[in-house]
Structure formats: structure tokens, C-alpha cells
Amino acid sequence: MRCLEYEPLAPYTSWRIGGPARYFVQATGAAELVQALTWADQRDLPVFVLGGGSNVLIRDTGFNGLVVRVRGHDMRLETRGDEARAIVESGAPMAGTARRLARQGWAGLEWAEGLPGTIGGALYGNAGCYGGDIATSLERAWVLVNGETQEWSVERFAFGYRTSALKRMRADADSVSARHPPIILAAAFRLRRDDLTALAQRMERTSHERRSKTPWGASCGSVFKNPPGESAGRLIEAAGLKGMRIGNAEIAARHANYIINLGGASSDDVLRLIDLARERVLAMTGIELELEIQIVG
Ligand SMILES: Cc1cc2nc3c(=O)[nH]c(=O)nc-3n(C[C@H](O)[C@H](O)[C@H](O)COP(=O)(O)OP(=O)(O)OC[C@H]3O[C@@H](n4cnc5c(N)ncnc54)[C@H](O)[C@@H]3O)c2cc1C
């Protein structure tokens with residue numbers, strides 16, 4: 001494994017924002033991950049696990065510890081008649097995996113067409129869209145906890161709306177810089193045989209719908225979770241913030257729950273828009289918007 005120093009993190013994120021990691025490694029498989037964590041431990045460094053970087057806002061000051069980017073992306077298919085199980089390493093792209101399986105006639109993950117990020121990131125935040133989510137597709141997963149690989153059932157993840165036991169643990173540790181975060185190594189998904197054409201058509205519909213709704217530009221998708229019975233985007237729009245700019249960041253005119261990096265935005269530009277949206281929505285409705293994204297550093 002090659003350890004880089006002061007590696008800029010912005011290129012590893014979909015927002016294209018973020019200062020350097022003091023140390024940065026890309027790791028494949030449990031052995032390399034254990035090696036990286038041990039190395040960090042010996043130097044008393046906090047660790048942050050990065051997947052596809054599509055749900056994180058990394059501060060411009062970067063991360064003063066070790067960033068481990070999970071890269072393993074192998075897939076194994078176990079088939080039995082019209083049913084199958086795909087065992088996929090956590091660094092594999094979520095949408096790419098769904099597409100790859102659909103092309104072989106396996107249904108179950110087509111809702112994830114166009115979803116940015118990795119399998120690991122999707123499990124961590126119970127990603128979901130277009131009628132599906134991780135909670136309903138996952139069979140089990142393997143998680144590296146304190147140097148040991150544990151098999152986790154779906155129940156153990158205790159998935160909720162855009163959350164999981166892992167995400168709650170991290171929140172309880174009061175900052176994402178908590179030492180030794182558990183790392184998802186691989187996941188098993190249940191699949192069923194389906195007609196190739198029907199599958200391709202479903203995925204094309206999802207892709208079309210996603211393209212028609214997604215604002216153009218570098219973003220992290222939805223910044224806030226939808227409050228119960230409400231849409232965060234509609235609340236921010238009603239607060240008059242569509243198109244609001246601070247520095248080089250903008251609340252998207254097409255979808256107010258997206259903040260777009262217009263080019264060269266700082267993490268502070270985004271954080272100030274986040275604060276503004278929260279303040280205005282709270283003052284107008286009494287509703288406190290909760291972040292869906294993770295702030296790092
Ligand atoms: C344009 C756009 C559209 C989007 N649309 C949707 C949508 O429709 N639905 C939706 O749910 N989300 C959506 N998102 C958000 C994002 O795609 C998901 O949250 C995605 O699952 C994040 O995966 P990631 O690999 O990029 O995670 P990252 O951003 O790299 O990390 C997110 C969190 O997961 C943790 N993590 C990542 N990998 C692992 C691992 N292997 N083990 C342990 N922890 C890990 C990280 O530490 C971090 O806390 C969208 C984002 C964009 C940019």
C-alpha cells in the first residue's frame with residue numbers, strides 16, 4: 001500500500017470540495033485495511049473511511065489523520081435456479097453493480113441505477129431511491145470491527161431512513177474522526193431472474209427520471225433528510241432560497257435540497273448556505289432540518 005501525504009481530497013468527492021488528508025491510502029480487502037488501521041493506531045491517528053465521496057462535505061482544512069479509501073470491487077454470484085445471491089466488495093460502485101447484474105438478467109438492485117457512490121457508502125447511509133433501498137435488498141454484510149471480520153445480519157444494521165447502526169455509532173462518537181470506525185468489507189444481495197428487456201426498460205425509466213430531476217453541476221445530492229411528511233427541498237424553496245448564492249456555492253434552482261459547487265466553492269460557502277437554510281426553515285415552520293450528508297474534518 002502506498003501512503004500519500006497531504007493528498008488533496010476534493011478530487012475524491014462529488015462536490016469537488018475538501019482540503020488535504022494528512023495521510024491517505026487506498027486499500028483493497030480486509031488484510032490491507034487492517035494494515036492501514038494498525039499503522040494509524042501506532043501513530044495515534046484518527047481514521048476516516050471514504051467510499052465514492054458522494055455524501056461527504058470535507059472541510060477546506062482537510063483531515064488531520066489517515067483517510068482510507070476503500071477500493072475492493074470484486075463480485076461473486078451464487079445461483080440457484082431463478083434465484084441468486086451477489087456477494088460484492090464494498091468499494092464497488094452501487095449503480096455499476098446494479099447495471100452489471102441487470103445485464104445478466106438478475107433483478108433486485110435496479111432501483112440503484114444512477115445512484116452515485118459505493119456499496120459501502122450505500123450500506124452506511126441506507127441509500128435509497130425510486131422504490132428501493134439497501135434495507136430491502138441486503139441479505140447480510142461483512143464488517144471489519146477492531147481488526148476482526150464480523151458477519152452482520154440486516155437486523156443488526158437497524159436500518160432507518162438514510163441511517164444505519166454504523167451511522168448512529170459514528171454520530172454517538174461525537175465526530176467522524178472517532179478512532180477505528182467499523183469498515184464494511186462486502187455485502188450479499190438477494191436477486192431473482194427476470195426478463196432482460198423488461199429489466200433494461202425499468203432501468204432506462206429510472207435513469208431518465210433521475211436525469212430529469214437532478215440539477216446540473218457538482219453536488220452531494222440531497223443535503224438534508226426529508227422531515228416526516230415533508231420535503232426538505234420544498235421547505236427551502238418556500239423559504240425563498242432557491243438560487244441563493246454564497247461565494248461559489250448555490251442552492252440549486254432546480255431542486256432546493258441540492259447545493260451546487262459553481263466552481264471553486266469553499267466548504268465554508270456550503271456550510272453558510274446550510275446554516276441559512278436551517279435558520280430560515282426553522283423560523284418559518286418550526287422544523288429543524290437534519291443533515292443527510294456527513295461533515296468531515
Ligand atoms: C447527484 C447525486 C444524487 C444522489 N442521489 C441519491 C439518492 O437518490 N438516494 C440516496 O440515498 N443518496 C443519494 N445521493 C447520496 C450518495 O450517493 C449516497 O449517500 C451514497 O450511498 C454514498 O456512497 P459513497 O460511497 O459515495 O459514500 P461516501 O460519501 O464516501 O461516505 C459516506 C459515509 O459512508 C461511510 N462509508 C463509506 N464507505 C464505507 C465502508 N466501506 N465502510 C464503512 N463506512 C463507509 C463514510 O465514512 C461516510 O461516513 C446522491 C448523491 C449525488 C452526488
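None of the values given here were measured: they were computed from a predicted structure.

1. Brief notes about the overall build of the protein chain
Scanning the protein chain from N- to C-terminus turns up nine helices and 17 strands. Here the C-alpha atoms of the protein chain give a radius of gyration of 19 Å, agreeing with the 19 Å that 2.2 N^0.38 yields for 297 residues. In terms of overall dimensions, the protein chain has a C-alpha envelope of 55 × 50 × 30 Å along the principal axes. The buried share among the 297 residues of the protein chain stands at 44%. Partitioning the contacts of the protein chain with sequence separation of at least 6, the portion at a separation of at least 24 is 65%.

2. A look at the nonpolar core
Within the largest apolar cluster, 85 residues are counted, with the highest numbers of intra-cluster contacts made by Leu-57, Val-67, Val-68, Leu-123 and Ala-187. Once residues lying within four places of it in the same chain are set aside, the contact partners of Val-67 are Leu-9, Ala-21, Phe-24, Phe-48 and Leu-50.

3. Some words on the pairing of strand E5 (residues 63-70)
Each regular strand carries side chains that alternate between the two faces of the sheet. Within E5, six of the eight residues are buried, which leaves it mostly tucked inside the rest of the structure. Inspection of the sheet shows strand E3 (residues 47-50) paired to E5 by four bridges, in the parallel sense. Residue pairing across strands places Phe-48 opposite Val-67, the latter belonging to E5.

4. Quick look at helix H9 (residues 267-285)
Spanning 19 residues, H9 covers 27 Å between terminal C-alpha atoms, matching the ideal 27 Å at 1.5 Å per step. What H9 keeps buried is the set Ser-267, Asp-269, Val-270, Leu-273, Ile-274, Ala-277 and Val-281. For H9, the angular spread of buried residues about the axis comes to 165 degrees, placing them on one side. Across H9 from its buried face, at more than 90 degrees, point the exposed residues Asp-275, Glu-279 and Ala-283.

5. A short note on the domain arrangement of the protein chain
Domain assignment breaks the protein chain into domain 1 (4-70), domain 2 (75-213) and domain 3 (232-296). Between domain 1 and domain 3, the C-alpha centre-to-centre distance is 26 Å. Residue-level contacts link twelve residues of domain 1 with ten residues of domain 3. If you tally residues by element for the side of domain 1 that touches domain 3, the top one is strand E4 (residues 56-58), at three residues. The class makeup of the residues in the side of domain 1 that touches domain 3 is seven nonpolar, two polar and three charged.

6. Some remarks on the sheet that holds strand E1 (residues 4-8)
The pairing of strands in a sheet comes from backbone hydrogen bonds and takes either a parallel or an antiparallel form. Read across the open sheet, the four strands follow the order E1-E2-E5-E3; overall the sheet is mixed. Sheet topology places E1 and E3 at the edges, where each strand pairs with a single neighbour. Neighbouring strand axes in the sheet, compared pairwise and without regard to direction, differ in orientation by 45 degrees on average.

7. Considering the pairing of strand E11 (residues 138-145)
Summarising the sheet, E11 and strand E13 (residues 183-193) pair through six bridges and their orientation is antiparallel. If you follow Trp-142 over to E13, its bridge partner there is Ala-186. Where E11 lies against strand E12 (residues 148-153), six bridges are found, and the strand directions are antiparallel. The residue bridging Ala-141 from the neighbouring strand is Trp-152, located in E12.

About the criteria used
Residues numbered from 1 in each chain as written. Predicted model: local features only at pLDDT ≥ 70, side-chain atom pairs only at ≥ 80, totals over all residues. Helix = DSSP H or I, 4+ residues; strand = E, 2+ residues; numbered from the N terminus. Rg over C-alpha atoms; globule rule 2.2 N^0.38 Å. Buried ≥ 20, exposed ≤ 12 C-beta atoms within 10 Å, placed from the backbone. Contact = placed C-beta atoms within 7 Å. Core = buried A, V, L, I, M, F, W, Y, C linked by C-beta atoms within 7 Å. Pairing = 2+ DSSP bridges. Expected span 1.5 Å × (residues − 1). Arc of directions from axis to C-beta. Domains from an automatic or database assignment. Nonpolar A, V, L, I, M, F, W, Y, C, P; charged D, E, K, R; others polar. Axes fitted to C-alpha atoms, helices over the stretch in contact; angles between N-to-C directions.

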